[in-house]
Amino acid sequence: VMVLPDRCSHHRREVDMCQVQKLLKDSVPSTKFEFVMASPPIPDNFGSDLYFDAVFPPEGPKAQKSVRRDLNTGLTATLRLCAIQSPSILFGIGQGATIALAMALPRVVEAALAISYVQPEEAKELRPAWFAIKAICAIRPASTKVSNWKLLEEAVPGLTASPVKGEPRPPQCIIKSEHA
């Protein structure tokens, strides 16, 4: 199980990791899980990391470009980490939950890899890592502290696109959502 954290302190990440471990242990007591904490790709000025940087102003073309860039960076970094760690479950919290849910959308992931200049040789290595993901769980998906789902939707229209017939998508579950 790879846990994609929210933007928070290292202590809070440890608490979140313990809660995820307990949740899965209580839900499926007969299964033994191995956990690894993902590291978001964008450093902040407070000694932590994040997936989405704050956007000012919080709407408009510049905000959309910033959110789209951060999502693409987060997806590419997460898939590269998946190629190393080989998780079968992604469990995201807050910002990590948004990245985890987007990982279930093959066209969004494919676009992120293309925009991030992933070469065909590397893409061949990343493909099995994506197909190895069997389930995605999300708690409180968010982009920034004051999350704006409309901005995220406008920045990445593929997030709400219906699946194409035969398109593989891992099952997704949102445990708690603060978006309407």
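Residues numbered from 1 in each chain as written. Predicted model: local features only at pLDDT ≥ 70, side-chain atom pairs only at ≥ 80, totals over all residues. Heavy atoms only, no water.

Caption draft 1: Focus on the packing of aromatic side chains. Applying the stated criterion to the full structure yields 2 aromatic pairs. Ring geometry for Phe-33 versus Phe-35: centroids 6.2 Å apart, planes at 50 degrees, classification tilted. Measuring from ring centre to ring centre gives 5.1 Å for Trp-130 and Phe-131, while their planes differ by 85 degrees; the resulting arrangement is edge-to-face. (Phe/Tyr/Trp six-rings, centres within 6.5 Å; stacked < 30°, edge-to-face > 60°.)

Caption draft 2: The arrangement of the sheet that holds strand S6 (residues 135–139) in detail. What the 5 strands build is an open sheet, ordered S2-S1-S5-S6-S7; its pairing is parallel. Each edge of the sheet is formed by a strand with only one pairing partner; in this case those strands are strand S2 (36–37) and strand S7 (172–176). With 3 bridges joining them, strand S1 (residues 2–4) and strand S5 (residues 89–93) adopt parallel strand pairing. Across the sheet, Leu-4 pairs through a bridge with Gly-92, a residue of S5. Together, S1, S2 and S5 form the strand contacts of helix H2 (residues 61–85), whose direction differs from that of S1 by roughly 160 degrees. (Pairing = 2+ DSSP bridges. Helix = DSSP H or I, 4+ residues; strand = E, 2+ residues; numbered from the N terminus. Contact = heavy atoms within 4.5 Å. Axes fitted to C-alpha atoms, helices over the stretch in contact; angles between N-to-C directions.)

Caption draft 3: Representation of the nonpolar core. Core analysis: the largest hydrophobic core is formed by 37 residues, its most contacted members being Leu-79, Leu-90 and Met-103. Of all the secondary structure elements, the ones that give two or more residues to this core are S1, H2, helix H3 (95–103), helix H4 (106–115), helix H5 (120–131), S6 and helix H6 (149–155). Once residues within four sequence positions are removed from consideration, Leu-79 is found in contact with Met-103, Val-109, Leu-113, Leu-126, Ala-129 and Trp-130. Among the nonpolar cores identified, the runner-up in size contains 10 residues, and Leu-24, Ile-89, Phe-91 and Ile-93 belong to it. (Core = buried A, V, L, I, M, F, W, Y, C linked by side-chain atoms within 4.5 Å. Buried < 20%, exposed > 50% of the residue type's maximum accessible area, 1.4 Å probe, protein only.)

Caption draft 4: Expanded view of the packing of H2 against H5. As a packed pair, H2 and H5 sit with axes 8 Å apart at the nearest point and diverge in direction by 75 degrees. By the criterion of interaxial angle, the relationship of H2 to H5 is roughly perpendicular. Between H2, through Leu-79, Arg-80, Cys-82 and Ala-83, and H5, the contact on the second element is made entirely by Glu-122, Glu-125, Leu-126, Ala-129 and Trp-130. Grouping the constituent residues of the contact of H2 with H5 by class yields 6 nonpolar, no polar and 3 charged. (Parallel < 35°, antiparallel > 145°, perpendicular 65-115°, else oblique. Nonpolar A, V, L, I, M, F, W, Y, C, P; charged D, E, K, R; others polar.)

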